[in-house]
Structure formats: C-alpha cells, structure tokens
Amino acid sequence: DGKQIGCARVVTDRVTFAYLCDVYIAEECRGRGLGTWLVRCALEHPRVSRLRRVALITHDAQEFYRRLGFGPAAQADSYMEKVKG
C-alpha cells in the first residue's frame, strides 16, 4: 500500500565504527523476518560492512541481535556515557 512498515538508522564515522539504532518494524508486520532482513541490509551496506565495529544498545531485544552475531561489548569497562537529567 506504499505504507512504511519499518526503519533502521546507522550512524558512522565511515572509518572504523558504526552505531545501529532506531530499528523498528510495525507491530502488525512483526514475526515475518522483516527485522532480520532490515538489520542484515544495514550491516551489508558497503559503507558499514567494511567497518571494524558496529554497536547498538537494546533494552529488550538481546536474543534477536544475538542471532545476528551481536554480543556483549568486548571491552565493556571502556564504554562510558554522560546522561543529562
């Protein structure tokens, strides 16, 4: 119907690192493999596939991303953040 049912965004320095974020599939379209397809398309993009590291943060989809090859950060003690508020 021309309706958007999903999206994903990759933020990258185009040299070594990318951050995968805003991955979303509309609820009524989930369970059909579209999320897996969307993430694989993002990871296989020529500007992303050659990078050394792709990171993401998820609060509830760890198993989904594990099936796509993601795991805990290799140097979790190096990850830092500054949160306002």
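Residues numbered from 1 in each chain as written. Predicted model: local features only at pLDDT ≥ 70, side-chain atom pairs only at ≥ 80, totals over all residues. Heavy atoms only, no water.

Draft legend 1. How the structure looks around the overall build of the chain. Along the backbone of the chain there are three helices and three strands. Each helix and strand of the chain, ordered N terminal to C terminal, gives the series β-β-α-α-β-α. Expressed along its principal axes, the backbone C-alpha trace of the chain runs to roughly 45 × 35 × 25 Å. When each of the 85 residues of the chain is scored for burial, the buried share is 20%. Within the chain, the 10 negative side-chain charges are centred at a point lying 6 Å from the centre of the 14 positive side-chain charges. (Helix = DSSP H or I, 4+ residues; strand = E, 2+ residues; numbered from the N terminus. Buried < 20%, exposed > 50% of the residue type's maximum accessible area, 1.4 Å probe, protein only. Lys, Arg positive; Asp, Glu negative; His and termini not counted. Charge placed at Lys NZ, Arg CZ, Asp CG, Glu CD.)

Draft legend 2. Here's a closer look at the environment of L43. When you line up the elements, L43 lands in helix 1 (residues 34-44). Judged by its relative accessible area of 21%, L43 falls in the partly exposed class. In this structure the C-alpha to C-alpha distance between L43 and A18, which are 25 residues apart in sequence, comes to 9.5 Å. Leaving out residues up to four positions away in the same chain, L43 has contacts with V48, S49, V54 and F70. (Contact = heavy atoms within 4.5 Å.)

Draft legend 3. Spatial organisation of the pattern of salt bridges. Here the structure, examined in full by the defined rule, presents three salt bridges. Measuring nitrogen to oxygen at the nearest pair gives 2.9 Å for the salt bridge that ties K3 to E28. Taken together, the positions of K3 in the segment before strand 1 (6-12) and E28 in the loop between strand 2 (17-25) and helix 1 put the pair 25 residues apart, joining distant regions of the chain. Across the salt bridge formed by E63 and R66, the nearest N and O atoms sit 2.6 Å from each other. A residue pair is termed a helical-turn pair when its members lie 3 or 4 positions apart in one helix, as E63 and R66 do in helix 3 (residues 62-66) at three residues. Look at R66 and you get partly exposed, because its relative accessible area is 42%. (Salt bridge = Lys/Arg side-chain N within 4 Å of Asp/Glu carboxyl O.)

Draft legend 4. Fine view of the packing of aromatic side chains. If you walk through the whole model with that rule in mind, you get two aromatic pairs. For the ring pair F64 and Y65, a centre distance of 4.9 Å and an interplane angle of 80 degrees mean the geometry is edge-to-face. Linked through ring pairs, F64, Y65 and F70 together constitute an aromatic cluster. (Phe/Tyr/Trp six-rings, centres within 6.5 Å; stacked < 30°, edge-to-face > 60°.)

Draft legend 5. Inspection of the nonpolar core at higher detail. Residues L20, V39, A42, L56, Y65, L68 and F70 constitute the largest nonpolar core, which totals seven residues. Excluding its chain neighbours within four sequence positions, the residues that come into contact with L20 are R9, V10, V39, A42, V54, A55, L56, Y65 and F70. (Core = buried A, V, L, I, M, F, W, Y, C linked by side-chain atoms within 4.5 Å.)

Draft legend 6. Representation of the pairing of strand 1. When strand 1 meets strand 2, the two strands line up antiparallel, connected through six bridges. Bridge assignment links G6 to a residue of strand 2, and that residue is I25. (Pairing = 2+ DSSP bridges.)

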